[in-house]
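Examining the three-dimensional arrangement
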Amino acid sequence: MSNDEHSAPYNGPEKAAAAETPKRIRTHHLQRFKNDGQKFSMLTAYDAMMANVFDEAGIEVLLVGDSAANVMQGSSSTLSITVNELLVYAKSVVNGVSRSLVVADLPFGSYQVSPEQAVGTAVRFMKEAGVHAVKMEAHAATVPHVKAVVEAGIPVMAHIGFTPQSEHQLGGFRVQGRGEHAKKVIDDALALESAGAFCVLVEMIPAELTADLEAALQVPTIGIGAGDAATGQVLVWQDMLGLNNGRLPRFVKQYADLRGTITDAVQSFRRDVIDGKFPGQEHSFRAE
């Protein structure tokens, strides 16, 4: 048994607290979680410092999402971020973790043209950033692209349901998979599983459809705005920790108010500077 297979007691949910946990989360561990009926968590990350916090907190999977275009660059869409830009974020996250599985999005336009283009882009993320897997917004028509990347030895997480890179084609941020469209979501998921995807992320679909997918697929599902039936759950960390002051999606639960905490701290710093209270003697050097 390799050293990264099992190690210290897990600090996560009580259900798994007594079990041994991997030093490094691998794709087969996510499969084991599903097989054992155990849930796992996933957060976005874009820099080494926050990635390290999440890693030490026990988050199993970190996603270097193209959502960096929104939360890091201020864009209104994910479409604008480039491969070179996302590679910087991805490498930073990899440098900040020792245990979490790091997955990077393939940006819009970097894999849709052909299976060969998809492999080329995925290879860059593996070689230049050191990520452990890539995520592709996919459907039945992009099965050859997913298959080609998997056959190149690169694990692929497939993303279905609402896919932000297709927001204009989908008519905006709308729930997918309702009514007669549910069958297409299931068909896409099964096709992507057959192509070799190790996991299927489902976004903004009815909770009942997620339950059907979780039952139909052998691989784990990860939900965002998709109910509680998925094996894993993911959120954008700035939404989850209350740093974003914009309108939040219905599916976001805020676990902290970091924007308020940071604002209070920054205002206190400013007051101390203006009032001459900072820096104090304890923050200053002397000649002797």
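The notes below deal with the structure included here. In this text, all values refer to a predicted model and were calculated from it rather than measured experimentally.

Focus on the pattern of salt bridges
Close approach of charged atoms allows side chains with opposite charge to pair. Applying the stated criterion across every chain yields a total of 5 salt bridges. Arg124 is the salt-bridge partner of Glu128, the closest N and O atoms lying 2.8 Å from each other. Residue Glu128 and its partner Arg124 are both found in helix 6 (residues 115–129); the two are separated by 4 residues, about one turn of the helix. For Arg124, a relative accessible area of 31% translates into the label partly exposed. Asp188 is the salt-bridge partner of Lys184, the closest N and O atoms lying 2.7 Å from each other. Of this pair, Lys184 and Asp188 are both found in helix 9 (residues 182–194), 4 residues apart, which corresponds to roughly one turn of the helix. The exposure class of Asp188 is buried, given its relative accessible area of 8%.

Here's the deal with the nonpolar core
Within the largest apolar cluster, 61 residues are counted, with the highest numbers of intra-cluster contacts made by Phe54, Leu62, Phe125, Val131, Val134 and Val149. The biggest single contributor to this core is helix 5 (residues 83–96), with 7 residues. Leaving out residues up to four positions away in the same chain, Phe54 has contacts with Leu43, Thr44, Ala45, Ile59, Leu62, Trp237 and Leu241. Formed by 17 residues, the second largest nonpolar core is a distinct cluster that contains Leu30, Phe40, Met157 and Ile224.

Points about unusual backbone geometry
Note the cis peptide between Phe278 and Pro279, where omega equals 0°. Note on placement: Pro279 falls in the segment after helix 12 (258–274). One non-glycine residue, Met204, lies in positive phi territory at about 50°. Structurally, the position occupied by Met204 is in the loop between strand 6 (199–203) and helix 10 (207–216). Judged by its relative accessible area of 13%, Met204 is buried.

Focus on the packing of aromatic side chains
One pass over the structure, following the stated rule, counts 4 aromatic pairs. With a centroid separation of 5.9 Å and an interplanar angle of 65°, the aromatic rings of Phe54 and Trp237 are classed as edge-to-face. Of this pair, Phe54 sits in helix 3 (residues 48–57) while Trp237 sits in helix 11 (residues 237–240), placing them 183 residues apart in sequence. Residues Phe54 and Trp237 agree in their burial class; the two are buried. Consider the rings of Phe269 and Phe278, whose centres lie 5.9 Å apart with planes at 65°: the pair is edge-to-face.

Focus: the pairing of strand 2 (residues 61–64)
On strand 2, burial covers both faces: Val61 and Leu63 on one face and Leu62 and Val64 on the other are all buried. Where strand 1 (residues 40–44) and strand 2 come together, 3 bridges link them in parallel fashion. In the sheet register, Leu43 faces strand 2, and the bridge partner there is Leu62. As a crossover connection, the stretch from strand 1 through helix 3 into strand 2 is right-handed. Examined bridge by bridge, strand 2 and strand 3 (residues 101–105) share 4 bridges and lie parallel to one another.

The rules we used
Residues numbered from 1 in each chain as written. Predicted model: local features only at pLDDT ≥ 70, side-chain atom pairs only at ≥ 80, totals over all residues. Heavy atoms only, no water. Salt bridge = Lys/Arg side-chain N within 4 Å of Asp/Glu carboxyl O. Helix = DSSP H or I, 4+ residues; strand = E, 2+ residues; numbered from the N terminus. Buried < 20%, exposed > 50% of the residue type's maximum accessible area, 1.4 Å probe, protein only. Core = buried A, V, L, I, M, F, W, Y, C linked by side-chain atoms within 4.5 Å. Contact = heavy atoms within 4.5 Å. Phe/Tyr/Trp six-rings, centres within 6.5 Å; stacked < 30°, edge-to-face > 60°. Pairing = 2+ DSSP bridges. Right-handed = clockwise from strand over helix to strand, strands pointing away.

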